[in-house]
Amino acid sequence: MNIKEAKEQIKNAMISYFSKDASGEYILPIEKQRPVFLMGPPGIGKTAIMEQVAAEMGVGLLSYSMTHHTRQSALGLPFIEHKVYKGLECDVSTYTMSEIIASIYDLMEESGVEEGILFLDEINCVSETLAPVMLQFLQYKVFGRHRVPDGWIVVTAGNPPEYNNSVREFDIVTWDRLKRIDIEPDFDVWKEYAYQRGIHPAILTFLEIKKSDFYSVESTVEGKTFVTARGWEDLSQMIDLYEMNQLKVNENLIMQYLQNPRIAKEFAVYYDLFQK
């Protein structure tokens, strides 16, 4: 599906998960709320739609890239706790609160918003030591001894293996705990977002003519070349700044954002014609 359809699916899941019974309790227990998993190529706008959904639903949003986390930061740091069991004194290994879970509570206190989205990006690129912790989290919403607060849903994201060498293949047990949504690039859908964001008209008119160049990943003898939606948006912002400061926009600049020599060259030629 395209990114617009994926956004609608996420909002529907949130409405369902946030449904309460007559006594004010969530109808679907948190351990039964399957995390949403957005599977799609890089730079397609997965993070952007999460920001839009949170704003439109009036809930909090906390984003983390799981590639930046170790087992300790996700699970919590170990410490020794002294306990007594039936008269027997002993020291027990336990954990502090996870940095991720603590951040949710911090956001709730700062914003006053009780419901929200915990967005975990690149979840299928976690380290070997973090993988078992993530499996437990996906099933029970628990890091170490602490659970995600009620009213917070979990949305995750990742790239297919062909786009990222660090991807770990999930087994059936893991997939069976996720609500998977596969996303494909779609220029016509992105164009609606682009108009709202004020994407440079040279980019929009170029892509109207060359829709196939909106998103491209190719393998060549010299390595992979690629152009993403994120690349076009970042290039647009830089073009605006160059024009504001009367700097020359040329192929050297464009190739820093469009990492496909053919597409970068063709857009550079088009931009010159557009300016004239």
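The structure this text deals with has already been given above.
Residues numbered from 1 in each chain as written. Predicted model: local features only at pLDDT ≥ 70, side-chain atom pairs only at ≥ 80, totals over all residues. Heavy atoms only, no water.

Attention now goes to the overall build of the chain. Along the backbone of the chain there are 11 helices and 11 strands. Principal-axis analysis of the C-alpha atoms places the extent of the chain at approximately 85 × 45 × 40 Å. Long-range pairs, those at least 24 residues apart, make up 72% of the contacts in the chain with a sequence separation of at least 6. Approximately 14,800 Å² of the chain is accessible, and the part contributed by carbon and sulfur atoms is 51%. (Helix = DSSP H or I, 4+ residues; strand = E, 2+ residues; numbered from the N terminus. Contact = heavy atoms within 4.5 Å. Areas by Shrake-Rupley, 256 points an atom, 1.4 Å probe, with all protein chains shown as cover.)

Now for the side chain of Gln 33. For Gln 33, the location among the structural elements is in the loop between helix H1 (3-17) and strand E1 (36-39). Excluding residues within four positions of it along the chain, Gln 33 makes contact with Tyr 17, Leu 28, Lys 141, Trp 152 and Ile 153.

Of all hydrophobic cores here, the largest spans 28 residues; its most connected members are Met 66, Leu 118, Met 134, Phe 137 and Val 148. Of all the elements in the fold, those that place two or more residues in this core are E1, strand E2 (60-65), helix H4 (99-111), strand E5 (116-121), helix H5 (131-140) and strand E8 (152-158). In this view, Met 134 contacts Met 66, Leu 120, Ile 123, Val 126 and Phe 143; residues no more than four positions away in its chain are not counted. Counting residues in hydrophobic clusters, the runner-up holds 27 residues, among them Tyr 215, Val 227, Ala 268 and Tyr 270. (Core = buried A, V, L, I, M, F, W, Y, C linked by side-chain atoms within 4.5 Å. Buried < 20%, exposed > 50% of the residue type's maximum accessible area, 1.4 Å probe, protein only.)

Quick look at helix H7 (residues 187-197) now. The set of residues buried in H7 consists of Phe 187, Val 189, Trp 190, Lys 191, Tyr 193 and Ala 194. Tucked into the core, H7 has its buried residues touching H1, helix H2 (46-57), helix H8 (201-209) and helix H9 (229-244). Two or three places before Asp 188, at the opening of H7, Asp 186 has a side-chain oxygen 3.0 Å from that residue's backbone nitrogen. Backbone geometry just after H7 places Gly 198 at a positive phi near 70 degrees. (Polar contact = N/O pair within 3.5 Å; in protein donor to acceptor, adjacent residues only side chain to side chain.)

With respect to topology, five strands assemble into an open sheet ordered E2-E5-E8-E1-E9, the strand pairing being parallel. Two strands lie at the open edges of the sheet, namely E2 and strand E9 (179-182), each paired on one side alone. Within the sheet, the average angular offset between the axes of one strand and its neighbour, ignoring direction, is 20 degrees. As paired elements, E1 and E8 share four bridges and run parallel to each other. Paired with Val 36 across the strands is Val 155, a residue of E8. Contacting E1, E5, E8 and E9, H1 crosses the sheet at an angle of about 165 degrees to E9. (Pairing = 2+ DSSP bridges. Axes fitted to C-alpha atoms, helices over the stretch in contact; angles between N-to-C directions.)

So, on to the environment of Lys 7. Within the secondary structure, Lys 7 is located in helix H1. If we skip the residues at most four places from it in the chain, Lys 7 touches Ile 49, Gln 52, Val 53 and Glu 56.

So, about the pairing of E5. In terms of residue burial, E5 counts as a mostly covered element, since six of its six residues are buried. In E5, alternate side chains face the same way, and those of Gly 116, Leu 118 and Leu 120 on one face and Ile 117, Phe 119 and Asp 121 on the other are all buried. Two strands pair when backbone bridges link them, and E2 and E5 are joined in this way by six bridges, in the parallel orientation. Within E5, the residue paired with Ser 65 across the bridge is Asp 121.

Looking now at the pairing of strand E4 (residues 88-95). As paired strands, strand E3 (residues 78-85) and E4 are joined by eight bridges and run antiparallel to one another. Bridge pairing in E4 places Glu 81 opposite Val 92. Here E3 folds back onto E4 in antiparallel fashion, the turn holding two residues, of which Lys 86 has a positive phi close to 50 degrees.

Quick look at the pattern of salt bridges now. Applying the stated rule across the entire model yields 12 salt bridges. Residue Lys 4 is joined to Glu 192 by a salt bridge in which the shortest nitrogen-to-oxygen separation is 3.2 Å. On the criterion of sequence distance, the pair formed by Lys 4 in helix H1 and Glu 192 in helix H7 is long-range, its members being 188 residues apart. According to the relative accessible area criterion, Glu 192 is partly exposed, its value standing at 39%. Among the ionic pairs, Lys 210 bridges to Glu 266, the shortest N-O distance being 2.9 Å. (Salt bridge = Lys/Arg side-chain N within 4 Å of Asp/Glu carboxyl O.)

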